[in-house]
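Chain and residue survey
These are the residues of each chain, in order.
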Amino acid sequence: MRPASRRIFCGERLKVSIKKTIIALLLLIAAGGLSFAVKELIDVNNPEYAVAKLTVTADSEEVPVIISAFDWSFSFGASASREAPDVSEINPAPALLLGGESLELSFSQPLLALEVLRSESYSYSFFDINGDLTVPYEKGAYLYRVNAAFERGEAQYYFYIVVE
């Protein structure tokens, strides 16, 4: 049997250990909250970095994409938007592809809704391609517009391909 003083000492060590653990957990929670608040502040000041990124690949070759417009919300009630410029002012870098290649779209954030439209050779007459993400076989230039909705907002993207 242990003496009473030794039991008290062990009990106090346990209390001190629990207090230290609670303080460490509170500090971790505070640090997490602070880092979240700092990230939100940075995103509000640079909203284009917060907007979901679109990556387009065609048989492992990345196609250049531009964000033309967005309407984005942040956690503390702030929001940011950029109006879409006239489509004739949009000038994405062309990607040279072969007809029949599969286009793959991937977003940096979970997607709620998606619409993909295509225009032939800067005619600016867009039509829904009904989910057909295959590069046309016919030689020519094609401008794609992608409208996407996310939990925090909406964004519009463009990319341009030239079929050889």
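The coordinates are above.
Everything in this summary refers to the structure shown in the same document. In every chain, residue numbers begin from 1 and rise along the written sequence. Confidence filtering applies because this is a predicted model: local features only for residues at pLDDT of at least 70, side-chain atom pairs given and counted only at 80 or more, and all residues used for totals across whole chains, interfaces and linings. Each side-chain value is derived from all of the structure's non-hydrogen atoms; neither hydrogens nor water enter the calculation.

Quick look at the overall build of the chain
A count of helical and extended segments in the chain gives two helices and 10 strands. Starting at the N terminus and walking to the C terminus, you meet the elements of the chain as α-α-β-β-β-β-β-β-β-β-β-β. Sorting the 164 residues of the chain into buried and exposed places 32% on the buried side. Across the chain, the fraction of contacts at a sequence separation of at least 24, relative to all contacts at a separation of at least 6, is 64%. Computed with the Shrake-Rupley method and a 1.4 Å probe, the accessible areas treat only the protein chains shown as cover for residues. Split by element, the accessible area of the chain, about 10,400 Å² in all, is 57% carbon and sulfur. We count a stretch as a helix when DSSP gives it H or I for four or more residues in a row; a strand needs E for two or more, and each element gets its number in order from the N terminus. Each residue's exposure class comes from its accessible area (1.4 Å probe, protein chains only) as a fraction of the maximum for that residue type: buried when under 20%, exposed when over 50%, partly exposed otherwise. Note on contacts: a residue pair is in contact if any heavy atoms of the two residues lie within 4.5 Å.

Brief notes about a nonpolar patch on the surface
Where nonpolar side chains cluster on the molecular surface, the patch consists of Leu14, Ile18, Ile22, Leu26 and Ile29 and spans about 520 Å² of accessible area. Within the secondary structure, Ile22 sits in helix H1 (residues 4-45). Here the term patch refers to residues with relative accessible area over 30% and no salt bridge, with like charges joined within 9 Å and nonpolar side chains (Val, Leu, Ile, Met, Phe, Trp, Tyr) within 5 Å. Salt bridges are counted wherever a side-chain nitrogen of Lys or Arg sits within 4 Å of a carboxyl oxygen of Asp or Glu.

Describing the nonpolar core
Only buried residues count toward a nonpolar core, which is a set of Ala, Val, Leu, Ile, Met, Phe, Trp, Tyr and Cys residues joined through side-chain atoms within 4.5 Å. Grouped together as the largest cluster of nonpolar side chains are 30 residues, with contacts concentrated most on Leu103, Tyr157 and Ile161. Listed by contribution, the elements that provide at least two residues to this core are strand S1 (54-58), strand S3 (66-73), strand S5 (94-97), strand S6 (103-107), strand S9 (140-150) and strand S10 (153-163). Discounting residues that sit within four places of it in the chain, Leu103 has contacts with Val56, Thr57, Ala58, Leu97, Leu133, Val135, Tyr144 and Phe159. Counting residues in hydrophobic clusters, the runner-up holds eight residues, among them Val87, Ile90, Phe126 and Tyr158.

Regarding the environment of Val65
Looking at the element boundaries, Val65 is found in the loop between strand S2 (61-63) and S3. Taking the relative accessible area as the measure of exposure, Val65 reaches 25% and is therefore partly exposed. Separated by 29 residues in the primary sequence, Val65 and Pro94 have C-alpha atoms spaced 9.4 Å apart. When near neighbours in sequence (up to four residues on either side) are disregarded, Val65 contacts Leu54, Val56, Tyr157, Tyr158 and Phe159.

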